[in-house]
Amino acid sequence: MGDSNQILSGLPKSFTREYLLGVIEETARQAAKETAKEIDEIHRREARRTDPGKSAQRMLSEYRRLKIAQKEDIQITEAEELEMRWKYLKDLMGAPDRRIATEETAYMRERKLQYNHYKIQRIEAAIDMYRRECENSGNEEAMRRYRVVTMRYMEEIEKTVEEIAEKENVSVRSAYNDINTACKIIAVYLSAV
């Protein structure tokens, strides 16, 4: 009860026009500051999303998953192939609506496989161009960047940045810088492929 009395004692006895305008002005200032912070955060997020280097990193980080999915989707045993043929025949004999849904599903799956294959080829072509650029430069730092980015994204077994830094005898910060620099260059190749 004592706290509420202190708060009430801090308020003016009557709310004058000047007092209310001051409260409104202070509230508007605080609201403007908060809005400016929110707008800045939106701009930062948008800049990160559209940054070519970050886009390249996202695409490279998909590579391993795409390769695994491609292996799983393409390698079909004879028994599975025979089962799929029988299922297709059963679908043909079934209700027409069901056949259309099955055909649509197969078509969408095939399109997804084609798109994944396209992305894999695009990433591999960009990495190959980057490798040739690094080799032609004769710069050991450029070759290290290439090795770091391939260890991080292209090898079958994923390595942490700490493991990569230890293997290349550089600091973790240098490894991150190498990845960021390499991804910015690879982004140019990805847009050209």
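Residues numbered from 1 in each chain as written. Predicted model: local features only at pLDDT ≥ 70, side-chain atom pairs only at ≥ 80, totals over all residues. Heavy atoms only, no water.

## Digging into the side chain of Arg-122
Note the threshold: Numbering of helices and strands starts at the N terminus; helices are DSSP runs of H or I of at least 4 residues and strands are runs of E of at least 2. Working definition: with a 1.4 Å probe on protein chains only, accessible area under 20% of the residue-type maximum means buried, over 50% means exposed, and in between means partly exposed. Charged-residue counts in this description rest on Lys and Arg as positive and Asp and Glu as negative, His and the chain ends being excluded. Here, a salt bridge means any Lys or Arg side-chain nitrogen found within 4 Å of an Asp or Glu carboxyl oxygen. We define a polar contact as two N or O atoms separated by no more than 3.5 Å, with the added condition that, inside protein, one atom must be a possible hydrogen donor and the other a possible acceptor, whereas residues neighbouring each other in sequence contribute only through side-chain atom pairs.
Here Arg-122 shows up in helix H5 (residues 96-137). For the buried Arg-122, no salt bridge exists, and the shortest N-O distance to an oppositely charged side chain is 8.6 Å, to Glu-62. Polar contacts involving the side chain of Arg-122 include one to the main-chain carbonyl oxygen of Leu-190, which spans 3.0 Å.

## Focus: the packing of aromatic side chains
For the record, the criterion: When the centres of two rings from Phe, Tyr and Trp lie within 6.5 Å, Trp using its six-membered ring, the rings pair. Their planes under 30 degrees apart give stacked, over 60 give edge-to-face, and anything left gives tilted.
Counted by the stated rule, this structure contains two aromatic pairs. When the centroid spacing of 6.2 Å and the interplanar angle of 50° are considered together, the rings of Tyr-130 and Tyr-146 count as tilted. Here the residue Tyr-130 occupies a position in helix H5, and Tyr-146 occupies one in helix H6 (residues 140-154), the gap between them amounting to 16 residues. In this structure Tyr-130 comes out as buried when scored by relative accessible area, which is 1%.

## A word on helix H7 (residues 161-168)
We apply this condition: Directions are taken from the helix axis to each C-beta atom, and the arc is the one they span. Should any heavy atoms of two residues lie within 4.5 Å, those residues are counted as being in contact.
All of the buried residues in H7 are Val-161, Ile-164, Ala-165 and Glu-168. In a view along the axis of H7, the buried residues occupy a sector of 100°, so they form one face of it. Turned more than 90 degrees off the buried face of H7, the exposed positions are Glu-166 and Lys-167. Where H7 is buried, its residues contact H6 and helix H8 (172-192). Taken from the residues just after H7, Asn-169 is the one with a positive phi, measuring 60°.

## Some remarks on the nonpolar core
What counts is decided by this rule: Side-chain atoms within 4.5 Å link the members of a nonpolar core, which is a set of buried Ala, Val, Leu, Ile, Met, Phe, Trp, Tyr and Cys residues.
Membership of the largest hydrophobic core comes to 29 residues, with the highest contact counts inside it found for Leu-60, Ile-123, Tyr-130, Val-149 and Ile-186. Counting residues per element, the ones that place at least two in this core are helix H3 (52-74), H5, H6, H7 and H8. Looking at this core element by element, the count peaks at eight residues for H8. Ignoring any residue separated from it by four or fewer positions in sequence, one finds Leu-60 in contact with Ile-123, Ile-127, Val-149, Tyr-153, Met-154, Cys-183 and Ile-186.

## Concerning a nonpolar patch on the surface
The line we're drawing: Patches here are clusters of residues that have more than 30% relative accessible area and form no salt bridge, with a 9 Å joining cutoff for like charges and a 5 Å cutoff for nonpolar side chains (Val, Leu, Ile, Met, Phe, Trp, Tyr). A 1.4 Å probe and the Shrake-Rupley method give the accessible areas. Residues count as covered only by the protein chains that appear here.
A contiguous nonpolar patch, built from Phe-15, Tyr-19, Leu-20, Leu-21, Val-23 and Ile-24 and spanning about 550 Å² of accessible area, is present on the exposed surface. Along the polypeptide, Val-23 turns up in helix H2 (residues 17-50).

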